[in-house]
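Residues per chain, in single letters:
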Amino acid sequence: MQYESLLNKTLVDMKPSGIRRFFDLAHEMEDVISLSVGEPDFTTPWHIREVGIKTLERGKTWYSPNAGFIELRSAISRYIERRFGVHYEAKTDVLVTVGGSEAIDLCMRSLINPGDEVLVPSPSFVCYGPLASMAGGVPVTLETKAEDHFRLTPETLKAAITPKTKLLILPFPNNPTGAVMRREHLEAIADVLRDTDIMVLSDEIYSELTYHDEGPISFAAIDGMQERTLLVSGFSKAYAMTGWRLGYVCGPTPIMGQIVKLHQYGIMSAPTTAQYAAIEAMDNGDDDVVHMRADYDQRRRLIVSELNNMGLTCFDPQGAFYVFPSIQSTGMTSEEFCVSLLQEKHVAVVPGTAFGDCGEGFVRISYCYSIKHIIEAMRRMREFLAERGLLKEGE
Amino acid sequence: MDKLLNLLDRNARLSNAQLAAMLGRTEAEVEAQIAELEKNGVIRAYKAVIDWDKTNREYVTAIIELHVTPKKDSGFEGIAEEIMKFREVESISLMSGGYDFSIVVNARTFRDVAEFVAKRLSPLDSVVSTATHFVLRRYKENNVIFLDDDRDERGEL
């Protein structure tokens, strides 16, 4: 059979994820020190796991209601209220999904009509463009720059808006750059959107991993923005629950009613065991988050300092668990740098280009690793630069 | 201060520059704080956590429970001071519960431990009785897990 001609054309034309491709290379080698994964090195806190185990023991193995257990939706609603000062009605405005990823897919498919433009800041996580395309939309790249600390500027946004613009993705704190949008930056974006009908998908999956004193600000908390915002988040990053596959989306009631339909037909309901565990995470997990965040923060400071000292300059990334140093001083492309570093020093980091063309000249380094592991990787990277005569005197 | 101690507790080989970066302080500040902590006896020593089973060192470790009669003048303190001076004694702690002192003893052989107990520990005036337990295997020490299977399962395909 001619499968190629049978398959969906948009899907066939879609490039596979550049992150995964790089993992492939790394896994073929021995003694690799990796700083490449995008998930916590912590395991899910025990009290959360225990709740999952107990509900299994008690035989709680059925489907949940389509939108998720009301106890969990209420817990999410309470959490968003106390953390961001935004109110969502648990019954009508909160949907529990299979990870943040399902939530993103649902938002795209619920909003986009063929030809609608979706504004995607870049570099950013790999899924937005492909999911927008599959929903019939046209992804439009909004370049973010190192000199702006990879924030989306109102000027860039304004220049990209056309009559066809349907949706703006706001992926902050950002994977891969670690960029965050402070209140003032979000307000500047809000000012551009205020008189339009453009919707916003605010992917706040990393919001608990924000390291500046102001703390995380939700886009929905900016004056007048809640009515146009679909707030996507989840349990993976904050509570080290990646494998449980649990996220959520909150938004205006009329939109959520439609999104739930799609979720109901496509997924039925998010995993039951994970939902029980997530209730425990929301109700009693604040201390775990504080503890993990403090740990990430120390590693973040260490790795930023080490990289800047060896001449791979990076701005102070105040969110997520990535740093995004420039490797332009080496004269290599991102891809060349990563491949050589892997082959010669067995250190795996991800080329910035895996997250969009404007990631060229940068690499993504994750600090979801032990201090010992990070120090060894930094030592090898320094050696890599020294052997090329790229370390300055006295370094 | 606690943050600095926690970092050193986990890894005493971090340089002052690394510690300073992690804590958002200057190198000079960290240096001064460590000096202060050493001076005050908060930091007593820096040691490696060694899995001796991976070396060819012949050794045996025993935990000894000790019942004593406290001394009239110096109580438990005096006895502890007497016992801690023995080279074989790695640690000694005063305990609540069924016995008074817990002593960790390292020696080359089983016989060496037996001789230590019989000839040096038991004859002490205040010692009423001893119970010696030999360590068979160490799994975790000083928060370090002694397992080689630390494969990172993340990022696999």
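See above for the structure.
Residues numbered from 1 in each chain as written. Chains lettered and ligands numbered in written order. Predicted model: local features only at pLDDT ≥ 70, side-chain atom pairs only at ≥ 80, totals over all residues. Heavy atoms only, no water.

Caption draft 1: Looking closely at the overall build of chain A. Summing up its helical and strand segments, chain A has 15 helices and 12 strands in all. Over its C-alpha atoms chain A spans a radius of gyration of 21 Å, differing by no more than 12% from the 21 Å that the globule rule assigns to 395 residues. For chain A, the spread of C-alpha atoms along the principal axes amounts to about 60 × 55 × 55 Å. Relative to its 395 residues, chain A shows a buried fraction of 58%. The long-range share in chain A, meaning contacts at least 24 apart out of those at least 6 apart in sequence, stands at 76%. Working note: accessible area of chain A is about 16,700 Å², and carbon and sulfur atoms make up 51% of it. In chain A, which carries 38 positive and 53 negative side-chain charges, the distance between the mean positions of the two groups comes to 3 Å. (Helix = DSSP H or I, 4+ residues; strand = E, 2+ residues; numbered from the N terminus. Rg over C-alpha atoms; globule rule 2.2 N^0.38 Å. Buried < 20%, exposed > 50% of the residue type's maximum accessible area, 1.4 Å probe, protein only. Contact = heavy atoms within 4.5 Å. Areas by Shrake-Rupley, 256 points an atom, 1.4 Å probe, with all protein chains shown as cover. Lys, Arg positive; Asp, Glu negative; His and termini not counted. Charge placed at Lys NZ, Arg CZ, Asp CG, Glu CD.)

Caption draft 2: Layout of the interface of chain B and chain A. At the interface, 14 residues of chain B touch 18 residues of chain A. The junction of chain B with chain A conceals about 1,400 Å² of combined surface from both sides, 56% of it contributed by carbon and sulfur atoms. Remark: the boundary between chain B and chain A carries one salt bridge. For B:Arg10, the salt bridge goes to A:Asp295, with nearest N and O atoms at 3.5 Å. The interface formed by chain B and chain A includes four residue pairs in polar contact (both at pLDDT 80 or more). Mapped onto the side of chain B that touches chain A, the elements with two or more residues apiece are helix H1 (2-10) and helix H2 (16-23) of chain B. Top contributing element to the side of chain B that touches chain A by residue count: H2(B), with four residues. When its residues are assigned to classes, the side of chain B that touches chain A shows six nonpolar, three polar and five charged. (Buried area = accessible area lost by both parts, 1.4 Å probe. Salt bridge = Lys/Arg side-chain N within 4 Å of Asp/Glu carboxyl O. Polar contact = N/O pair within 3.5 Å; in protein donor to acceptor, adjacent residues only side chain to side chain. Nonpolar A, V, L, I, M, F, W, Y, C, P; charged D, E, K, R; others polar.)

Caption draft 3: Quick peek at helix H15 (residues 371-386) of chain A. For H15(A), with 16 residues, the first-to-last C-alpha span of 22 Å sits near the 22 Å given by 1.5 Å per residue. Of the residues making up H15(A), those classed as buried are A:Ile371, A:Ile374, A:Ala377, A:Met378, A:Arg380, A:Met381, A:Phe384 and A:Leu385. Next to the buried residues of H15(A) lie strand S1 (33-34), helix H13 (286-309), helix H14 (334-345), strand S10 (347-348) and strand S12 (363-366) of chain A together with H2 of chain B. (Expected span 1.5 Å × (residues − 1).)

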